[in-house]
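For reference, the chains in residue letters:
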Amino acid sequence: MGETQSVFNWDFNLHIPRVNGTALSEFWFNFILINIIFFLLYNWRGAKQIHYSSWWLVVFFCLVAFWDTDYFSFARIFYEEIEEFRDPIYKYISSVCFGSYIIFRFIIWGGALYLVYRTSVRLKLNRNKFIYIFAVFFLLTFSYARVSLAMALYYYGLSLLIISDRRSKLSRIMYVGIIFIIAFWAHRSILLPILLTPLIYIHLTRRKILLTLIILPVFFIGIKYILGNIIEGVLLIGESAFTESAVGYASSQITMEFNWKWEIITTLRYYSFYLSMLIILWKCYFKKITIEIPKHIQQLITITTAIMIIAVAILIIANNNLLGLWVIGYRYLYMTGIPICLILSYLNQRKLISNKQLNWILLLPFLYSELFILGKIITMQFL
């Protein structure tokens with residue numbers, strides 16, 4: 001089929017559909033760009049004034065995230081199949097993009113990052129430090145996943161729910177409800193966090209965390225039973241694109257085998273989430289601290305823990321070889337990325353996590369970002 005033609009030879013149609021995926025030059029471009037972003041944001045993280053350029057750099061990376069084939073498959077949908085696309089919000093967005101995929105991505109990922117920015121403002125976080133944490137921990141994932149807009153909408157809506165403002169409680173709840181509906185229109189998988197939202201009213205304690213760990217095997221059996229009933233259609237009412245998709249993913253018997261290189265990459269990715277969450281729980285509930293963790297941060301920790309437990313359960317059941325369940329599992333795991341960054345930023349700001357400790361925590365996601373793209377370059381150039 002020949003070498004993949006680079007997007008740098010733009011004809012403003014991005015050579016859609018792509019046959020061979022990302023070109024070597026595009027991998028090199030993303031590798032150089034993300035390291036420039038890491039370097040600049042690391043140096044700007046301690047600045048007193050807000051570096052809005054940090055946020056614009058992150059947006060720019062999302063506009064040119066060639067490193068994942070989803071970039072091109074989403075472009076194909078934009079140019080050829082948007083009228084039939086299952087998530088309706090993208091059809092409406094495409095109608096105001098003048099036929100430009102770049103404008104389309106700017107509205108989606110730029111809008112998502114703006115919502116993340118507004119959420120960090122509501123939590124009164126240092127925006128320079130937060131965007132540094134966010135970029136190192138989550139940029140690579142955030143830049144390709146269409147679910148990023150739904151995640152950003154959900155966590156912004158959640159921040160409105162857990163942090164009071166001048167609006168009445170009723171008007172805030174109505175506003176949050178509208179945001180959650182839009183988030184569902186952006187990606188149907190966000191339904192799980194929405195359904196788990198009432199858990200924020202459970203006050204997490206050391207005893208409850210230990211009790212949860214004890215009953216995890218029973219919980220995993222319950223998840224397996226629920227997935228089995230989804231496959232049989234017992235828990236799904238009616239037929240729709242959503243139920244068809246749920247059954248399709250859950251019942252997929254397609255198996256896969258990872259080579260040792262992919263095992264290393266996925267281990268780095270998953271354990272960056274697991275380790276961060278364990279450190280958060282340890283710092284907030286098991287280590288003696290001199291400050292009180294505010295209620296809204298505790299609520300954010302509760303919902304993040306709940307989503308992660310379900311994600312881990314599904315990944316264990318998938319056992320890294322059932323493709324459908326594996327996709328569901330890592331998708332829910334990635335939904336914890338935004339709140340983990342928010343919580344880490346808060347703990348660092350309150351000096352519950354030192355700068356040195358923070359950099360050690362960010363080492364795993366940093367290595368993942370570096371090795372994923374570099375591995376693709378090496379494979380294409382030398383193998």
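Residues numbered from 1 in each chain as written. Predicted model: local features only at pLDDT ≥ 70, side-chain atom pairs only at ≥ 80, totals over all residues. Heavy atoms only, no water.

(A) Region of interest: the side chain of Lys-283. Structurally, the position occupied by Lys-283 is in helix H12 (residues 260-286). Among buried Asp, Glu, Lys and Arg side chains, Lys-283 stands out as unpaired, with Glu-292 the closest opposite charge at 19 Å. When neighbours within four sequence positions are excluded, Lys-283 is seen to be in contact with Ile-289, Leu-347, Leu-352, Ile-353 and Gln-357. (Helix = DSSP H or I, 4+ residues; strand = E, 2+ residues; numbered from the N terminus. Buried < 20%, exposed > 50% of the residue type's maximum accessible area, 1.4 Å probe, protein only. Lys, Arg positive; Asp, Glu negative; His and termini not counted. Salt bridge = Lys/Arg side-chain N within 4 Å of Asp/Glu carboxyl O. Contact = heavy atoms within 4.5 Å.)

(B) Quick look at the pattern of salt bridges. The final tally for this structure, using the stated rule, is two salt bridges. Two residues, Asp-87 and Arg-146, come together in a salt bridge whose shortest N-O distance is 2.4 Å. Here the residue Asp-87 occupies a position in the loop between helix H3 (70-81) and helix H4 (89-94), and Arg-146 occupies one in the loop between helix H6 (127-144) and helix H7 (147-162), the gap between them amounting to 59 residues. Judged on exposure class, the residue Asp-87 and its partner Arg-146 are both buried. Between Arg-188 and Asp-87 there is a salt bridge, with the nearest N and O atoms lying 3.5 Å from each other. In this pair, Arg-188 sits in the loop between helix H8 (169-186) and helix H9 (191-196) while Asp-87 sits in the loop between H3 and H4, placing the two residues 101 residues apart along the sequence. Residue Arg-188 shares its accessibility class with Asp-87, and that shared class is buried. Residues joined by salt bridges that share partners form a network here, namely Asp-87, Arg-146 and Arg-188.

(C) Structural view of the side chain of Ser-189. On the secondary structure map, Ser-189 appears in the loop between H8 and H9. Beyond its immediate sequence surroundings of up to four residues, Ser-189 is in contact with Val-147, Arg-331, Tyr-332 and Met-335.

(D) Expanded view of the packing of aromatic side chains. Scanning the model with the defined rule gives 38 aromatic pairs in all. Geometrically, the ring pair formed by Trp-56 and Phe-106 is stacked, given 6.3 Å between the ring centres and 5 degrees between the ring planes. Residue Trp-56 is located in helix H2 (residues 52-63), and its partner Phe-106 is located in helix H5 (residues 101-122); the two are separated by 50 residues in the primary sequence. Summarising the aromatic geometry, the rings of Tyr-114 and Tyr-117 are spaced 6.4 Å apart at their centres and angled 25 degrees between planes, so their arrangement reads as stacked. Taken as a pair, Tyr-114 and Tyr-117 lie in helix H5 at a separation of three residues, close to a single helical turn. On the basis of relative accessibility, which here comes to 12%, the residue Tyr-117 falls in the buried class. Every member of this aromatic cluster is reached through a ring pair, and the members are Tyr-52, Trp-55, Tyr-114, Tyr-117, Phe-130, Phe-134, Phe-137, Phe-138, Phe-142, Phe-273, Tyr-330 and Tyr-334. Directly above the aromatic system of Tyr-42 lies the positively charged group of Arg-45, at a separation of 3.9 Å from the ring centroid. When the ring centre of Trp-109 is taken as reference, the NZ or CZ atom of Arg-105 above it lies at 3.9 Å. (Phe/Tyr/Trp six-rings, centres within 6.5 Å; stacked < 30°, edge-to-face > 60°. Lys NZ or Arg CZ within 6 Å of the ring centre and 35° of its normal.)

(E) Structural context of the confidence of the model for the chain. Chain-level statistics for the chain give a pLDDT mean of 84 and a share of 83% at 70 or above. The model gives residues 8-17 a pLDDT under 50, and that stretch makes 22 contacts with residues more than four places away or in other chains. The model gives residues 250-256 a pLDDT under 50, and that stretch makes 19 contacts with residues more than four places away or in other chains. (pLDDT = per-residue confidence, 0-100.)

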